[in-house]
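# Survey of secondary and tertiary structure
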Amino acid sequence: NAGVTQTPKFRVLKTGQSMTLLCAQDMNHEYMYWYRQDPGMGLRLIHYSVGEGTTAKGEVPDGYNVSRLKKQNFLLGLESAAPSQTSVYFCASSGGFGDGNEQFFGPGTRLTVL
Amino acid sequence: LAKTTQPISMDSYEGQEVNITCSHNNIATNDYITWYQQFPSQGPRFIIQGYKTKVTNEVASLFIPADRKSSTLSLPRVSLSDTAVYYCLVGDGDYNQGGKLIFGQGTELSVKP
């Protein structure tokens, strides 16, 4: 089992460009999450999904969109990247909702917006 | 209001026992307490979870007093490889009850030789 994988691992964008981050899990988990982590700060929840075809806003959703067309995949999109979105992005999945159930995290995507 | 409060940083030496305390004054009856460990450039990793009293696994112990308003993660005889950030989370795992995922800043543990 690969667990949770993220694509790409690194990316550099120019302001205004768009991109999509892909998260895939092979554990048949219902719940998936996207977090961002900035230097010296903890993880902040961007969006999450409680099942295929569902999405919900987290703590810092502005500037991001998500889609969960397939149970195993959770996509995070940046329509018009801004320097403030420079961060490390982590995807996670869990069998039950993540505040009380073990979350499995991916290796992260390091994004730089110039 | 933040659900949990932890010290920002702690220092220790190899071979010592390290105790990291998390305060969660507003913990609800059905909430569990979960701890994660994060190494630099990696995603967090689950360490331990508990509801009350004491839980022990091969990595750590978790002590929870009767009032459950705090919990203490105990790492026995730490080594340099235990240098990481440690997060505690509190929640009932039920999205339908309005659960929220708040990791907070965590506690940065530095183990020195």
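Relevant structure appears above.
### Overview of the sheet that holds strand S1 (residues 4-7) of chain A
All names here are of chain A. Strand order in the open sheet made by the four strands is S1-S3-S8-S7, with antiparallel pairing throughout. At either margin of the open sheet sits one strand with a lone partner, and together these are S1 and strand S7 (65-67). Averaged over neighbouring strand pairs, the angle between their axes works out to 20 degrees when direction is ignored. Of the strand pairs in this sheet, strand S3 (residues 19-25) and strand S8 (residues 73-78) are connected by six bridges, and their pairing is antiparallel. From the neighbouring strand, Leu21 faces S8, where its bridge partner is Leu76.

### Regarding the state of the cysteines
A full pass over the atoms with the stated rule returns two disulfides over all chains. Residue Cys23 of chain A pairs covalently with Cys91 of chain A via a disulfide, S to S 1.8 Å. Its S-S torsion of approximately -75 degrees makes the covalent link between Cys23 of chain A and Cys91 of chain A left-handed. Remark: Cys91 of chain A occurs in strand S9 (residues 87-94) and Cys23 of chain A occurs in strand S3; sequence separation between them is 68 residues. When sorted by exposure, Cys23 of chain A lands in the same class as Cys91 of chain A, which is buried. The disulfide that involves Cys22 of chain B links it to Cys88 of chain B, with 1.8 Å between the sulfurs.

### Some thoughts on the sheet that holds strand S7 (residues 70-75) of chain B
What links the strands of a sheet is backbone hydrogen bonding, and the strands pair in either a parallel or an antiparallel sense. All names here are of chain B. Strand order in the open sheet formed by four strands is S2-S7-S6-S5, with antiparallel pairing between adjacent strands. Every other strand in the sheet has two partners, leaving strand S2 (18-23) and strand S5 (53-56) as the edge strands with one partner each. Going across the sheet, the axis of each strand differs from the next one's by a mean of 15 degrees, ignoring polarity. Where strand S6 (residues 61-64) meets S7, three bridges bridge the pair, whose relative direction is antiparallel. Bridge pairing in S7 links Phe63 to Thr72.

### Let's talk about the interface of chain A and chain B
Taken together, the contact between chain A and chain B spans 23 residues of the former and 22 residues of the latter. Taking both partners together, chain A and chain B bury about 1,800 Å²; carbon and sulfur atoms supply 56% of that area. The three residues of chain A that bury the most area against chain B are Leu43, Phe97 and Asp99 of chain A, which together make up 32% of that side's buried surface. Linking chain A to chain B there are zero salt bridges. For the pair chain A and chain B, the number of links is five residue pairs in polar contact (both at pLDDT 80 or more). Only strand S4 (31-37), strand S5 (43-49) and strand S10 (103-105) of chain A provide two or more residues apiece to the side of chain A that touches chain B. The biggest single contributor to the side of chain A that touches chain B is S4 of chain A, with four residues. Per-class residue counts for the side of chain A that touches chain B are 12 nonpolar, eight polar and three charged.

Criteria and cut-off values
Residues numbered from 1 in each chain as written. Chains lettered and ligands numbered in written order. Predicted model: local features only at pLDDT ≥ 70, side-chain atom pairs only at ≥ 80, totals over all residues. Heavy atoms only, no water. Pairing = 2+ DSSP bridges. Helix = DSSP H or I, 4+ residues; strand = E, 2+ residues; numbered from the N terminus. Axes fitted to C-alpha atoms, helices over the stretch in contact; angles between N-to-C directions. Disulfide = S-S within 2.5 Å. Buried < 20%, exposed > 50% of the residue type's maximum accessible area, 1.4 Å probe, protein only. Contact = heavy atoms within 4.5 Å. Buried area = accessible area lost by both parts, 1.4 Å probe. Salt bridge = Lys/Arg side-chain N within 4 Å of Asp/Glu carboxyl O. Polar contact = N/O pair within 3.5 Å; in protein donor to acceptor, adjacent residues only side chain to side chain. Nonpolar A, V, L, I, M, F, W, Y, C, P; charged D, E, K, R; others polar.

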